Amino acid sequence: MYKAKGKAKLIIPNSTWSQIQNLLLRHHSTEWSGVLYFTDNSARNINDLVITAQYLFPMNVGSTGYTTFNWQKKEVLVFEALQDKDGLEWRKGCLHSHNSMGVFFSGEDNADLKEQALYHHYYLSVIVNNKQEVIARLSHKLSTSEIESIFGKVELSKSVVYYDVDVEVEQSVFYQDN
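Residues numbered from 1 in each chain as written. Predicted model: local features only at pLDDT ≥ 70, side-chain atom pairs only at ≥ 80, totals over all residues. Heavy atoms only, no water.

Asker: What should I look at first to understand the overall build of the protein in this one?
Answerer: Helices and strands together make up the secondary structure of the protein, namely four helices and seven strands. When its helices and strands are written in sequence order, the protein yields β-α-β-β-α-β-α-β-β-α-β. Across the 178 residues of the protein, 43% fall into the buried class. In the protein, 71% of the contacts between residues at least 6 apart in sequence involve partners at least 24 apart. On the protein, roughly 9300 Å² of surface is accessible, and the fraction owed to carbon and sulfur atoms is 49%. (Helix = DSSP H or I, 4+ residues; strand = E, 2+ residues; numbered from the N terminus. Buried < 20%, exposed > 50% of the residue type's maximum accessible area, 1.4 Å probe, protein only. Contact = heavy atoms within 4.5 Å. Areas by Shrake-Rupley, 256 points an atom, 1.4 Å probe, with all protein chains shown as cover.)

So this is what it looks like as structure tokens:
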């Protein structure tokens, strides 16, 4: 996976941030994960791309250091069937917690970014912790012509690129980590 230049922007509105805070409070000592549904402004340039987190659908409460879920669960399929009622094109990514750890992309998190880029137009991964720190990355599978234009030849090991994402949280604080 290749780190590309540029940054998108993720906005987490108060309604979605409240969902995250509630999960942080309820599952303070364990990692948890879910599907993060989001919309974007359809910008073609990564630096102009603004993503808005619309809804978090919790899927798993794991252990103190691990969480995972199955993307094909019935709950996800039902929600996807309902989400287009407002006419927005919602995309999906993953949000998970690192509870008492820092926010960073582990080897496993990066492997997930690479794998999921193959199944999505682009894939958003967000990590939060009990201190309410947030980090995000976006991954995208390159076409053969995109690979050739960047590297001069086809290097399949670099067929997925990722971008760091600036995160803006619109919040009213009701949860404090001690």
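From this point, the narrative continues.
Asker: Would you mind going over the packing of aromatic side chains with me for this structure?
Answerer: Given two aromatic rings, their pairing is described by the distance between the two centres and the angle made by the two planes. Enumeration over the complete set of coordinates arrives at three aromatic pairs. Judged by centre distance (6.3 Å) and plane angle (45 degrees), the rings of Tyr37 and Trp90 are tilted. Of this pair, Tyr37 sits in strand E2 (residues 32–40) while Trp90 sits in the loop between helix H2 (74–82) and strand E4 (91–97), and the two are 53 residues apart along the sequence. Each of the two residues, Tyr37 as well as Trp90, counts as buried. (Phe/Tyr/Trp six-rings, centres within 6.5 Å; stacked < 30°, edge-to-face > 60°.)

Asker: Would you explain helix H3 (residues 107–117) in this entry?
Answerer: Because an α-helix completes one turn every 3.6 residues, residues spaced three or four positions apart along the sequence face the same direction. Within H3, burial applies to Asp109, Leu113, Gln116 and Ala117. Seen end-on, H3 carries its buried residues on one side only, within an arc spanning 105 degrees. (Arc of directions from axis to C-beta.)

Asker: What is the right way to look at the pattern of salt bridges in this model?
Answerer: For side chains bearing opposite charge, pairing can occur when the charged atoms are close. Taken as a whole and assessed by the stated rule, the structure comprises five salt bridges. Across the salt bridge formed by Glu168 and Lys9, the nearest N and O atoms sit 2.8 Å from each other. One end of the pair, Glu168, is in strand E7 (residues 160–169); the other, Lys9, is in strand E1 (residues 2–12), and 159 residues separate them in sequence. Owing to a relative accessible area of 32%, Glu168 belongs among the partly exposed residues under this scheme. Here Lys9 falls in the partly exposed class, since its relative accessible area comes to 32%. Residue Arg137 pairs with Asp164 through a salt bridge whose shortest N-O separation is 3.1 Å. Remark: Asp164 occurs in strand E7 and Arg137 occurs in strand E6 (residues 134–141); sequence separation between them is 27 residues. For the pair Arg137 and Asp164, a shared accessibility class is recorded, and that class is buried. Through salt bridges with shared partners, a single ionic network connects Lys3, Arg137 and Asp164. (Salt bridge = Lys/Arg side-chain N within 4 Å of Asp/Glu carboxyl O.)

Asker: What's the story with the environment of Val160 in this structure? I'm lost.
Answerer: Mapped onto the elements, Val160 comes out in strand E7. The spacing of Val160 and Ser143 is 17 residues in sequence and 9.1 Å in space, taken between C-alpha atoms. If near-sequence neighbours (up to four positions away) are discounted, Val160 is found in contact with Met1, Tyr2, Lys114, Ala117, Leu118, Ser139, His140 and Lys141.

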